[in-house]
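# Examining the three-dimensional arrangement
Residues per chain, in single letters:
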Amino acid sequence: MTTRSLSLIAALVLLAGHALNSAEPPASDWEWNLPKGFPAPYVPPDNPMTMAKVTLGRYLFYDTRLSVNGKQSCASCHKQELAFTDGRAVGLGATGESHTRGAMSLVNVGWAGTLTWNNPKMKRLEDQALVPMFGEHPVELGLREGDKFLPTIRADRTYQGLFKSAFPPDADPFTIPNVTKAIASFERSIVSARSPYDRYHYDGDDSAVSAAAKRGEVLYFSQHISCFRCHGGFAFTDSTVTARAPDREVEFHNTGASAGEGAFKAPTLRNIAVTGPYMHDGSMPTLESVLEHYASGGRFHNSPGKDPLIGGFQLSPQERFDMVEFLKTLTDEPLLHDPRFANPW
Ligand code: HEC
Ligand code: HEC
């Protein structure tokens, strides 16, 4: 074969490769810059992280045009200054309908093995976003298929640029799957790792937390109190999946917080001091009341299926204080004010 025909083949292969690539999502230009001790989160192969998608996702997350009456966005129930919760016992939708559950923090949600309080099947952020957008029981944002939502954002000059850069191969990038891909990418970018506890534990800054918090840490990780067995690891939850183990099974636990057989995922305790009221139904107003719940072995002692780890323990007033001080060291102040996660409008 001549050199010329060889280079022709090479050119054809390149062209074919290019044609194939143009149907695929653009390659990731995202740098995680994860702190020590944080493995890379699992990202679905059909939605690689890109700067452009994260940016677009942020605009959508904060856009009240994402609701039936222009009154709410994701951020109405997931407020940055409250570590992406809403301070309410249960969520309140755009049309005034109450949710049965409390809004959950979105920090480090990229590692969540299952999403929402207790749905073992809900695993992808791309799928989860459809629930608040279109769900009817309860109504959160209250959109319906065929609403004017897509035409409205298609006519918006800001979005014209943003959608084009986020989804360059698509002739018409204004689709619901692209909306959820962008929102999911923004959510994955919300990494919380700059708390005093991180400075103390990972960076070795001994002065970052108080002596009381250090005593509380010992109790938290002790065998008889056992908080770490469910709220453990870098994310302070047992519901994490990483790029290396995307199919890990996630456990659900019954802590005796409700009378029924309800088993829930152990939510992250990062930023827990700012995300009250607590539990799936917002029934515990303070961290002290949560500790009292665990110390007494669960509010509903005979709740069927209650986890054997919830057996109760004794704590002196000083020890309670120390544990609360420890939990407060998990608050990541820089995250709560980080302009990268703030309303861009
Ligand atoms: C009306 C208030 C409300 C709105 C609006 C809302 N959420 Fe939520 N969010 C909740 C509640 C309540 C839960 C817990 C749901 C459950 O367990 O069934 C939740 C849970 C979540 C979770 C699961 C977190 C975890 O750790 O498992 C994600 C992710 C999420 N919401 C993202 C979004 C996105 C994206 C939007 C916008 C498209 C949005 N939410 C709009 C109230 C709201
Ligand atoms: C057997 C597993 C398990 C153990 C052990 C455990 N938790 Fe939990 N934790 C959970 C689950 C599950 C929930 C959610 C329960 C619910 O909403 O009803 C929860 C909820 C919480 C919440 C409320 C979170 C929120 O976002 O509302 C806090 C705070 C908390 N736990 C702290 C602790 C502390 C402190 C300890 C140790 C004293 C502890 N947990 C031990 C599983 C556990």
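Worth saying up front: this structure is predicted, and the values here are computed from it rather than measured.

Calculation notes
- Residues numbered from 1 in each chain as written.
- Chains lettered and ligands numbered in written order.
- Predicted model: local features only at pLDDT ≥ 70, side-chain atom pairs only at ≥ 80, totals over all residues.
- Heavy atoms only, no water.
- pLDDT = per-residue confidence, 0-100.
- Contact = heavy atoms within 4.5 Å.
- Near = heavy atom within 4 Å.
- Polar contact = N/O pair within 3.5 Å; in protein donor to acceptor, adjacent residues only side chain to side chain.
- Nonpolar A, V, L, I, M, F, W, Y, C, P; charged D, E, K, R; others polar.
- Helix = DSSP H or I, 4+ residues; strand = E, 2+ residues; numbered from the N terminus.
- Expected span 1.5 Å × (residues − 1).
- Buried < 20%, exposed > 50% of the residue type's maximum accessible area, 1.4 Å probe, protein only.
- Axes fitted to C-alpha atoms, helices over the stretch in contact; angles between N-to-C directions.
- Parallel < 35°, antiparallel > 145°, perpendicular 65-115°, else oblique.

Once that is clear, we can look at the confidence of the model for the protein chain. Considering every residue of the protein chain, the mean pLDDT works out to 91; 92% of them sit at 70 or more. Long-range and interchain partners of residues 1-23, a stretch whose pLDDT sits below 50, account for 3 contacts in this model, where long-range means more than four residues apart.

What follows is about the site of ligand 1. Contacts to ligand 1 come from 28 residues, most closely from Cys74, Cys77, His78, Thr116 and Lys265. Between an oxygen atom of ligand 1 and a main-chain N or O atom of Thr116, the distance comes to 2.7 Å. Looking at side-chain class alone, the shell around ligand 1 contains 15 nonpolar, 9 polar and 4 charged residues.

Moving on: helix H13 (residues 317-328). Its 12 residues place the ends of H13 17 Å apart at the C-alpha level, agreeing with the 16 Å of an ideal helix rising 1.5 Å per residue. Those residues of H13 lying buried are Asp322, Met323, Val324, Glu325, Phe326 and Leu327. Where H13 is buried, its residues contact helix H9 (196-201), helix H10 (211-220), helix H11 (227-230) and helix H12 (287-295).

This brings us to the packing of helix H2 (residues 51-61) against helix H8 (residues 176-188). At a closest axis distance of 7 Å, the pairing of H2 and H8 adopts a crossing angle of 100°. The angle between the axes of H2 and H8 places the two elements in the roughly perpendicular class. Only Val179, Ala182, Ile183, Ser185 and Phe186 of H8 make contact with H2, whose side of the interface consists of Lys53, Val54, Leu56, Gly57, Arg58, Leu60 and Phe61. For the contact of H2 with H8, the class distribution of residues is 8 nonpolar, 2 polar and 2 charged.

All right, on to the site of ligand 2 then. Taken together, 25 residues lie near ligand 2, and Cys227, Cys230, His231, His280 and Tyr294 sit nearest. Contact between ligand 2 and His231: a nitrogen atom at 2.8 Å from a side-chain N or O atom of the residue. Here a nitrogen atom of ligand 2 and a side-chain polar atom of Tyr294 are 2.6 Å apart. Where the shell around ligand 2 is concerned, the elements lending two or more residues are H11 and H12. No other element matches the 3 residues that H12 contributes to the shell around ligand 2. For the shell around ligand 2, a count of residues per class yields 18 nonpolar, 5 polar and 2 charged.

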